[in-house]
Every structure is written in C-alpha cells, then in structure tokens.
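# Coordinate analysis (summary)
The residues making up each chain are set out below.
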Amino acid sequence: MINTSTIQSFIKGIELFKGLDNREYKTVAQHCKTRNFAPGSFLFAENAPREGVFIIYEGKVELFKTSTYGGETRLSLFGPYDFIGEGALTGDSPHSTSARAINKTTVFALDEAFFREHGPISVKIFSNIARVISRRMRQANAHMVASAAQYESGQTRSEHDLLGYRQVPNEFYYGIQTLRATENFNISGVTLNFYPLLINSLATVKKAAAQANHELGLLESGITKAIVQACDELTNGRFHFHFVVDMIQGGAGTSTNMNANEVIANRALEILGHKKGEYEFCHPNNHVNLSQSTNDAYPTSVKLALYKSNETLIQVLQQLIQSLRMREKEFSHIIKMGRTQLQDAVPMTLGHTFGSFATSLEEEIHRLKDNARLFLSINMGGTAIGTGINAHPKYSNIVVKYLREITGLDIQIAPNLVEATQDTGSFVMYSSAIKSLAIKLSKISNDLRLLSSGPRAGINEINLPPMQPGSSIMPGKVNPVIPEVVNQIAFKVIGNDMTVGLASEAGQLELNVMEPVIVQSLFESIEMLKNGMNTLLFRCINFITANEDHCRQMVENSIGLVTALNPYIGYENATRIAKEALEKNKRVYDLVLEQDLLSKKELDQILDPQNMIRPKQ
C-alpha cells in the first residue's frame, strides 16, 4: 500500500489538481484508493456505470472504443501522471469507452462521493477539468482537419495502370487502382475502414507473404523490412482512413487487395526514404503482392478477420448469458404460470424462464466455435485458381508458418487448393451459425415483450427498464424498445444469411466472384449482433424486475391448475371442473372442494405451487 505522503507528493504534479493548497492536497491524498491492475484487465468498460477518476501512478493504460463496424479502435495511450474517467464528474451517462492495462499498472482512484462531499476542492478540480476537456477538443478538431486535408491540397502525383494515367492527390497512400474503385463502386457507403479487423488481417497476410518471399530469396532485405514495418503500423491502427473501397464491389475483391497493396507500398516507400508513387523502389504488385493473387490473399484475410471477430462475438454473448444466469438465480423462488400456445399450461418459476434463455444461448457458443474453425483452412499459395502459378513450390508451407507465428492460430493449407479457391462453404456454414443465434435472440426478445406486456391489460409478470417515452400522443406509455431493436437486428441477420447463400450458389467454375457481398453480409451481421447483445445486456436484462405477487395470483387463479389433479380425480372430472370454472368464473380450488372430490388437506398439498414445478412420485 502506498502511503499518503507519497500520494500527496505525486498528485502535485498532476494538472487535475493544479491550484490546490497543501491542506487540500492532503485531503485528496487521504481519499485516494490504491488499485492494482494486471496486464489485460479493465479499469472500466464501455456501457458500465462511471465510478470516478483514475490517476495513473505507474504502468500504461490504453483507452479504446469498440467500433460499430468491427474490432477495437485505440483512442489514446496513458502513463504516469495522466488521469482518465473524468467524465464521471460531468454527467451520469455510462462509459462510452474502455480502459485496459497494457502492463502491470497502479492507479489512485477518487470516487464520485469525494467530489460531493468536498465542495471547495471540487470547484477547483472542475475548473481544471474544463480546461483539459477544452484542450482535448481542440486536438480532436485538429485531427479531424488533418484527416480531411487530403481534399484541400492541390498537389498530385501521376500514376498509371492498364487503362492509362491518372493524377492521384499526393496525400493519399492508396494509388490509381484504388482511385478507380472509389469511382466505380459508390454502392453501400460502407468502406473497408469500417472494419479495422479486416484491415489488420490484410496487413497480416501481406507481412507473412513478405517474410516468406524473403526467406525464399525472392525479396531483398530492405524492401522486406519496409513492408513489414508498414504492415505493423497498419495493425497498430495507422492509415486506416486510406482504405476507402466500398465493401460491395465487382472484381472478386481485387479492389480490396489493391487498396492494401498500394497503401503498404506507399508507406514502405516513405520508410525507405522515397516519395509516394516511386514504385520502381517498392511496387504494389511486384513486391507487396509477390507470390499472391487476390484469389488467395483476399479470402485468407477475410477468414482471419472473421475468426477474430467471432472471438469478440462470443465474449459479448458470454456476458449476456452470465446476466441471464443471474436473473435465473434472482427469480428462482417466484412461481408463475407456464404457457403453451399462449394458453395457461402448468406452473413454473420465473427463474426457469431466464435459465432456459441462458441454456439456449450457451448452445450457440459451441456452434459458433465449431463453424469458425473452418476459417483456419486457407488457400495461400494457390494464387489465381489454385494451381500455384507464379509462386515458389515451397511458398505455401512457408507463408503458413509465418501466419501461425503472427496470429498464434492453428492455420492449415487446404488439401486441394483448386477446390479451396472456388469454395465458399465455410462462409455458408458460419452464416448459418450466426443466423441461429439471431433467431434465438429474437425469440427471447419476443418473450420479454410478452411477459412485460401491459402494465394493466397484459401479462405484466416482469418490468423492463423504462428507456424512453413510448408515444407522441399517449401520455405515460413506455415501449419495450430494446427487445424491439434486437428483433429488427435478427431480421437483418436472417436476410444477410439469405444473401450469403445466394452469393455462394452463384460461384462459377474456378472462382466465386460474389465473395465481396458475402464478406460484407457476414461482417455486418456480426457487428449488429454484438451491438444488439450489448444493448440488450446493459439496457434491459441487467435491470429487469419481477412482479412477484402478480405472478402468484395468476397461478392461483389459473385453470391450468387442473392439470395437476389428473392423477387424483381422473381426466373426465378434471375436464368438467375446468369447463365449469370457466363458465362460472370460479376457482378450480373451490369447485373441487364443493364437489367433495378431494379433502382440503389433500388439495392443498397437490396444488402447492412448489410441488408442481418438478417431477414427483
């Protein structure tokens, strides 16, 4: 434990506490809680409630955001004397970013209660926070201007391809073929940079290819090092804005492959001390694309990215399952009526309901993992159609060796590269797995909407957290908007699965040119499901409450209780009692006693709800 005097001395160097006097520094230090974080552990996570401010004493912390369209985007890296989480002092919204320890990290934490209890100190700190936020916004605005500067310069460079010459703005790291693709494929508005994991996987494949070619003596050391460095920079999040081709494109992914080749080549040229476009020193095709074709590099990159995306999808799914298990335990004592065909059936617990949700989703984890393993079989070295033309005979095995080293995955060369180059079966199988998950999530959402229906004229067994007013004309109305949006996500995923199936069927001879729409559909489905499950978890499941008394009353008044009497009074009597209860609006319990079918003691024991929720002899 770090003592108060050490903390006091340390925080004097932090801008957040600028202007405090010695007495105030001591007060702050006394309220700082020392917390230690192992590498990879979270200080806070997206959508979690804000707790307070973290002052970094030692170690490094990365601030990142989960992108709407894929992976993690690092926003900044913090070290000693930095502070994060100051948003906890300016609002009650949950965290919009995540903070994770890079190495062993020690922080001093000040929770919100301190700022409520120490007004004069808080005023000074808030003043410092305002100044820091203002400066950070200026930096953000400058970054936005810099990213758009490519549209402001008049400098260009001349590049040529098969179709002729074009002037490419000098700020672009991509080249003429990417420029043509942006003009030809203004289709969905969703470009490659929406999916950072795909860009990272393209860089991984290009890096492994360069290393393999160098080992075979096909690529000189200087160019190899420059290509490897450029690829490493891409995987660290740099230059992603230069991946501008639409996800849906003609050409079987050639535009995507060339976008990567050109960005890597031009960055490698800078590393080598040359200007962009001086391709005689590092060429997109001759060097970056050496021993490759779009038809092996593109699907391999996609498969690696989908495998990584699936890991994140499963992590989100596991968090949702954990929350459902907590609701199962919390509601295990609440008796309610089970229903079949929307009619009263037999009693159960509300815990049973949420436990069945959790088990159903747990089954999907196995399906997702099993189908994602298909992506580890790749066709690198097959080049154009699987025959390996323009590749060294040993290239396939060597490039796979490097891919394994870089990714840590058990990647294998497909047994028949001609078949593997034209086959899209792994995409079809995986798409069916995420469709299955979507269907189950939609069914769960349907049930949540039914169980919370009302509040006066519906089932009303549970309460969903109120997220927003539900009507522009009906005062007091609150709708189940979170399950509703999950339903709609499921519809999109189901439609995307149909697209994947049609595109896979449309393959012809030695190549399936429809892979881009397959890729776009899968990535869109994964990201929508991740976002939908996070929304369902943090804005619904975590905060569901039960109407326990109402649940019990519905059981006691249900005609469905008569099912439990079958073994004791016979089917005919039970049917007659049920009919009479409906016609006379009387309780089953009362009618059985009136007709002396059972004694009160026998009836109480049989109809005890706790005795009807499990098998008994």
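Placed above this text is the structure.
Anyway, here's the lowdown on the structure attached to this text. All values derive from a computational prediction rather than experimental measurement.

For the rest of this paragraph, the subject is the overall build of the protein chain. A count of helices and strands for the protein chain gives 20 helices and 16 strands. In terms of principal-axis extent, the alpha carbons of the protein chain reach across some 100 × 80 × 50 Å. Buried residues in the protein chain amount to 50% of all 617 residues. Within the protein chain, counting contacts between residues at least 6 apart in sequence, those at least 24 apart form 73% of the total. Of the roughly 29,300 Å² that the protein chain leaves accessible, carbon and sulfur atoms contribute 52%.

Relative to strand β5 (residues 72-78), strand β4 (residues 61-66) is paired through 6 bridges, and the arrangement is antiparallel. Bridge pairing links E62 to L77 in β5. Sheet analysis places β4 next to strand β7 (residues 98-101), joined by 4 bridges and oriented antiparallel. Its bridge partner being in β7, E62 is matched across the sheet by R100.

In space, the 4 strands of this open sheet follow the order β2-β7-β4-β5, with antiparallel pairing throughout. Of all strands in the sheet, those with a lone pairing partner are β2 (42-44) and β5, marking the two edges. The mean inter-strand angle of the sheet, taken between neighbouring strand axes irrespective of direction, is 30°. As paired elements, β2 and β7 share 2 bridges and run antiparallel to each other. Of the residues in β7, the one forming a bridge with F42 is R100.

Before going further, it helps to spend a moment on the nonpolar core. I227 and L448 are the most contacted members of the largest nonpolar core, which totals 114 residues. Per-element tally for this core: the top contributor is helix α10 (residues 294-330), with 14 residues. Once residues within four sequence positions are removed from consideration, I227 is found in contact with K206, A210, L219, I264, A268, C282, H287 and V288.

Spatially, β1-β8-β3-β6 is the arrangement adopted by the 4 strands of the open sheet, whose pairing is antiparallel. Looking at the sheet topology across the chains shown, the edges are occupied by β1 (33-37) and β6 (83-84). With 5 bridges joining them, β1 and strand β8 (residues 105-111) adopt antiparallel strand pairing. Bridging from a neighbouring strand, N36 pairs with T106 of β8. Here helix α1 (residues 4-11) sits on the sheet and contacts β1, β3 (52-58) and β8; the angle it forms with β3, its principal contact strand, is near 95°.

With that settled, the discussion passes to the packing of aromatic side chains. If you walk through the whole model with that rule in mind, you get 15 aromatic pairs. Plain terms: the ring middles of Y173 and F239 are 4.7 Å apart, the flat faces sit at 55° to each other, and that makes the pair tilted. Linking Y173 in the loop between β10 (164-169) and α5 (176-184) with F239 in the loop between α7 (221-235) and α8 (254-271), this pair joins segments that are 66 residues apart in sequence. Here Y173 matches F239 in class, with each residue buried. What links up through ring pairs into an aromatic cluster is the set F10, Y57, Y81 and F108. One Lys or Arg, K276, reaches over the ring of Y173 and ends 4.5 Å from the middle of that ring. A cation over an aromatic ring shows up here: K401 above the ring of Y402, its NZ or CZ 4.7 Å from the ring centre.

Going from G454 to P455, the amide bond is cis rather than trans, its omega being 10°. In this model, F239 sits at a positive phi of 65°, which is unusual for a non-glycine residue.

By the secondary structure assignment, K369 is in helix α11 (residues 350-372). Separated by 62 residues in sequence, K369 and Y307 place their C-alpha atoms 9.0 Å apart. Apart from the residues within four sequence positions on either side, K369 is in contact with N310 and I314.

Once that is clear, we can look at the packing of helix α6 (residues 196-215) against α10. To characterise two packed helices, one gives the angle between the axes of the helices and the distance between these axes. Interhelical geometry of α6 versus α10 gives an angle of 130° and a closest axis separation of 8 Å. Considering their axes alone, α6 and α10 lie oblique with respect to each other. Regarding α6 and α10, the two cross each other, and that crossing is right-handed. Within the contact between the two elements, α6 uses L197, L198, S201, L202, T204, V205 and K206 and α10 uses A297, T300, S301, V302, L304, A305, K308 and S309.

At a closest axis distance of 8 Å, the pairing of α1 and helix α2 (residues 22-31) adopts a crossing angle of 120°. By the criterion of interaxial angle, the relationship of α1 to α2 is oblique. Crossing handedness for the pair α1 and α2: right-handed. Where α1 approaches α2, its residues T4, I7, Q8 and I11 are matched on the opposing element by N22, Y25, K26, V28, A29 and Q30.

Relative to the helices and strands, Q553 resides in helix α17 (residues 548-556). Judged by its relative accessible area of 46%, Q553 is partly exposed. For the pair Q553 and I335, spaced 218 residues apart in sequence, the C-alpha separation works out to 9.4 Å.

For S445, the position within the fold is in helix α14 (residues 425-451). Taking relative accessible area as the criterion, S445 reaches 0% and is therefore assigned buried. Setting aside its immediate chain neighbours within four residues, S445 contacts P483, V486 and N487.

Burial runs high along β8: 6 of the 7 residues are buried. Note that β3 and β8 share 6 bridges and pair antiparallel. By the bridge assignment for β8, I55 is matched with F108.

A full pass over the atoms with the stated rule returns 32 salt bridges. For D232, the salt bridge identified is with K207, shortest N-O distance 2.8 Å. Taken together, the residues D232 in helix α7 and K207 in helix α6 connect sequence positions 25 residues apart. Judged by its relative accessible area of 27%, D232 falls in the partly exposed class. We classify K207 as buried; its relative accessible area is 16%. What you see here is one network of salt bridges that share partners, running through E233, R238, R267, E270 and K276.

Rules used in this analysis
Residues numbered from 1 in each chain as written. Predicted model: local features only at pLDDT ≥ 70, side-chain atom pairs only at ≥ 80, totals over all residues. Heavy atoms only, no water. Helix = DSSP H or I, 4+ residues; strand = E, 2+ residues; numbered from the N terminus. Buried < 20%, exposed > 50% of the residue type's maximum accessible area, 1.4 Å probe, protein only. Contact = heavy atoms within 4.5 Å. Areas by Shrake-Rupley, 256 points an atom, 1.4 Å probe, with all protein chains shown as cover. Pairing = 2+ DSSP bridges. Axes fitted to C-alpha atoms, helices over the stretch in contact; angles between N-to-C directions. Core = buried A, V, L, I, M, F, W, Y, C linked by side-chain atoms within 4.5 Å. Phe/Tyr/Trp six-rings, centres within 6.5 Å; stacked < 30°, edge-to-face > 60°. Lys NZ or Arg CZ within 6 Å of the ring centre and 35° of its normal. Parallel < 35°, antiparallel > 145°, perpendicular 65-115°, else oblique. Left-handed = near helix turned anticlockwise from the far one by under 90°. Salt bridge = Lys/Arg side-chain N within 4 Å of Asp/Glu carboxyl O.

Read these as spatial facts, not as claims about activity.
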